[in-house]
Amino acid sequence: MTKVGIPRALLYYQYYPAWKAFFETLGAEVVVSAPTNKAMLNSGVSRAVADTCLPVKILLGHLISLTNDCDYIFVPAVTSLGQKTYNCSKIIGLPNIARALVPESPIILDPEIDLEKGRYYLYRNIYKTGHYFTSNPFKIKRAVEAALERNFAYRRKMPDLGITPTQALNGNEDKDLDYRQGSEGSMRIAVIGHPYVLYDDYINHNLISQLQSMGAKVFVPEMVPGYMLDVATTRLAGEAHWSFENDIIGAGEYYLEQKVDGIVNLSVFGCGPDSMMVKFLEHRAKEVKVPFLPLSIDEHSSEGALLTRLEAFVDMVKRREKLCV
Amino acid sequence: MRVGFPHFGSVYITVKAVADRLDAAGDQLIIPPPMTQKTLDLGVKYSPAEACLPYKLTLGSLIEACELGADILIQARGTGICRLGYYAKDQEQMLRDLGYNARFVNLDVSEHKIRSLRQLIKDLTHDAPLSKTISAVFFGLSKLFALDKIEKVVQKTRAVELDKGEANQIYHEAINAMDEAAEHKEVKKITREYIERLNRVPINRTANPPKVGIFGEIYVVIEPFANMDIEVELGKLGVEVHRTMTLSRWVKYSLFLNYLGINEWREVHKLAKPYVDHDVGGDGWESVGEKVLYAHNGYDGVVHIAPFTCMPEIVAQNVMRSTREDIPVFVLISDEQMGKQGMLTRLEAFVDLLEFRRGNGKRI
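Residues numbered from 1 in each chain as written. Chains lettered and ligands numbered in written order. Predicted model: local features only at pLDDT ≥ 70, side-chain atom pairs only at ≥ 80, totals over all residues.

**Student:** Is there a simple way to explain the domain arrangement of chain B in this structure?
**Tutor:** When the parts of a complex come together, some accessible area is lost, and that lost area is often taken as the interface size. Residue and element names in this part refer to chain B. Its domain assignment divides chain B into domain 1 (2–128), domain 2 (142–208) and domain 3 (209–359). Here the C-alpha centre of domain 3 lies 23 Å away from the C-alpha centre of domain 2. Each partner contributes residues to the interface: domain 2 has twelve residues there, and domain 3 has 14 residues. For the side of domain 2 that touches domain 3, the element with the most residues is helix α6 (residues 130–160), which contributes eight residues. Of the residues contributing to the side of domain 2 that touches domain 3, the split by class is five nonpolar, three polar and four charged. (Domains from an automatic or database assignment. Contact = placed C-beta atoms within 7 Å. Helix = DSSP H or I, 4+ residues; strand = E, 2+ residues; numbered from the N terminus. Nonpolar A, V, L, I, M, F, W, Y, C, P; charged D, E, K, R; others polar.)

Laid out in structure tokens, this is it:
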């Protein structure tokens, strides 16, 4: 059976269920790379230009680890997900970077998802990808339908159950219902950041579980229903330009409105969209007097430094609550 | 109404010329002081730490304009992949936080450019008649075109002049003279005069200087302060510089010819196709193509200038390393931490490399 490799990096956390459904309906076997480890990080870092951001370097590491295991590797270029909104250049140029820096990789399937260019362009690109597996257009159509269905289900599951993508992807949903309710009176902390940083436990040093073990109830952007995000983003920053960034700051604004006790922003050093947009959120947090902790990580960040700052932040939030009550 | 704007190359000459021609009663154009370390320091102090250099420099320049009393600020805006789209919005908030009561008016640089320019001028001049606006804009642009024409000659002369610095001196005089010109005729006369003067500069006629192409992100490529006068320094080292990206070219195509379906980058995009097959925002796609183009045109090397953390240029850098074309690339990442001496050392090594590749280097 043809094997399609999907690197466990970048857009994996948002679209993996959909991609899996698509390729499996087409009759291919999906191979996912192992969770990020040191060897992957090092191999990725060694290939890319130093200024490249960490998530792209990690993607390269995953690609390298997949090269011998599959016939194709799927790295789409998600250019635009709506009118006049785009993604970061690095996500748009991802297949090009991958092809240039990992020349030994098997064929890279790189459909360009660009809704700005219209429906026909999208269909053509998906068909081109499907054509590697079957020449039956109806089968490709069925695969797309299955993918869409899975995607909607996946997207809906997270706000409905209040679970993180990691939990949704691993399929352990029952346990998390009571996690969502949590114990009354515990502090509620929203962790804001790109999914590929928040849920890659190797690079963020288990940030979410660290916070939970400090007694916090953690909220992530994926738990906010989609329509709420758009409203919140528009309120905060006017018309929006970057789709993935909108989800993040929209979620931040939503949680500020929900009066969480603190916001932790985890961003990657050198992230272009974050550098502009998180400022709006920080500004708003200052206005409504909610503690805001900006954390920036890269391949050199150490667990100790992160933990120290996190503990200090949590202590501060706890003390604030006592004072207020 | 006092109108301010950030510095960008010799754009201030055009803006001034347009404003002079339209002279709206009671309004004043505020030209911020030339960019210096102070501009950069101001910009860095009040920008998000990870913003890119053009953001910091334009913010610094706008703060300086505000200090001189500007209450309306012109800033570029774009809908696009790059950070430019949010410049105006972020900077407006920052200036408000600093206590300046300035309103932003935006010039759209990614679509509806003509309409946005017309609207901008209309707003700022209390509905100046269209005919007058057009004549003023054309007069302003003629200065831009003339200066770029002179600069092309300067770039050639710098490399081979016997008395280093003479061409640059003349160029600066030309900029000042152009700034003062009030008539089309004068602009033409100055252009002719200075090109003649440049041609009379004593040069080494036997020299065959190495040729280097410059490309990258448009702001840092064109604004000499942002790239630490790299063209002048290359000239001092005896290198002829070629730069496709000029303000006049941008204006010529973006404001006029693109509307007729003429794409100035068609050839460059075609050459970039094997490596990058779609737009990645900013000037990333063009950078890859230009490297290939310069290699095909027999240049000895290229200089790629990008602001630190510039997203499109990082894509370009990563892709550029694996292009088939064999041409040395000098990468200059510009941000507030850069030091000129470090760049000069690297440039000297780069020029030595070019000489060796041509086979006329001195073996040590």
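**Student:** What am I meant to see in the sheet that holds strand β5 (residues 107–109) of chain A here?
**Tutor:** Whenever strands of a sheet pair, they do so through backbone hydrogen bonds, lying parallel or antiparallel. All names here are of chain A. If you trace the four strands from one edge of the open sheet to the other, you get β2-β1-β3-β5, paired in parallel fashion. Each end of this open sheet is capped by a strand with a single partner; those strands are β2 (29–32) and β5. Put simply, the sheet's adjacent strands are angled 35° from each other on average, direction ignored. Of the strand pairs in this sheet, strand β3 (residues 72–74) and β5 are connected by three bridges, and their pairing is parallel. Bridge assignment links Tyr 72 to a residue of β5, and that residue is Ile 107. (Pairing = 2+ DSSP bridges. Axes fitted to C-alpha atoms, helices over the stretch in contact; angles between N-to-C directions.)

**Student:** Even after reading the chapter, I still don't get the interface of chain B and chain A, so can you show me in this structure?
**Tutor:** On the side of chain A, 26 residues touch chain B, which itself brings 32 residues to the contact. Every element with two or more residues in the side of chain B that touches chain A is listed here: α4 (84–97) and α14 (311–320) of chain B. Class assignment of the residues belonging to the side of chain B that touches chain A gives a composition of 15 nonpolar, twelve polar and five charged.

**Student:** I keep staring at the confidence of the model for chain A and nothing clicks. Help me out?
**Tutor:** One rule of thumb: low pLDDT means the predicted coordinates there are not for detailed reading. All names here are of chain A. Residue-level pLDDT values for chain A average 88, and 95% of them are 70 or greater. The spread of mean pLDDT over the elements of chain A runs between helix α9 (residues 174–181), the lowest at 48, and β3, the highest at 94. With pLDDT under 50 throughout, residues 176–181 is counted as low confidence; its partners more than four residues away or in other chains account for seven contacts. (pLDDT = per-residue confidence, 0-100.)

**Student:** Is there a simple way to explain the environment of Pro 221 of chain A in this structure?
**Tutor:** Residues and elements named next belong to chain A. Note on placement: Pro 221 falls in the loop between β8 (216–219) and α12 (226–237). Accessibility expressed as a C-beta count within 10 Å gives 25 for Pro 221, which makes it buried. For the pair formed by Pro 221 and Gly 250, sequence separation is 29 residues and the distance between their alpha carbons is 8.2 Å. Beyond its immediate sequence surroundings of up to four residues, Pro 221 is in contact with Ile 192, Asp 247, Ile 248 and Ala 251. (Buried ≥ 20, exposed ≤ 12 C-beta atoms within 10 Å, placed from the backbone.)

**Student:** Looking at this structure, I do not really get the sheet that holds strand β2 (residues 28–30) of chain B. What am I missing?
**Tutor:** Residue and element names in this part refer to chain B. If you walk across this open sheet you meet the four strands as β2-β1-β3-β4, and the pairing is parallel. Sheet topology places β2 and β4 (103–108) at the edges, where each strand pairs with a single neighbour. Here the average twist between neighbouring strands, direction ignored, is 30°. Where strand β3 (residues 72–77) lies against β4, six bridges are found, and the strand directions are parallel. Counterpart to Ala 76 in the pairing with β4 is Leu 107. Where helix α5 (residues 113–124) meets the sheet, it contacts β1 (2–4), β3 and β4, and its direction lies at approximately 150° from that of β4.

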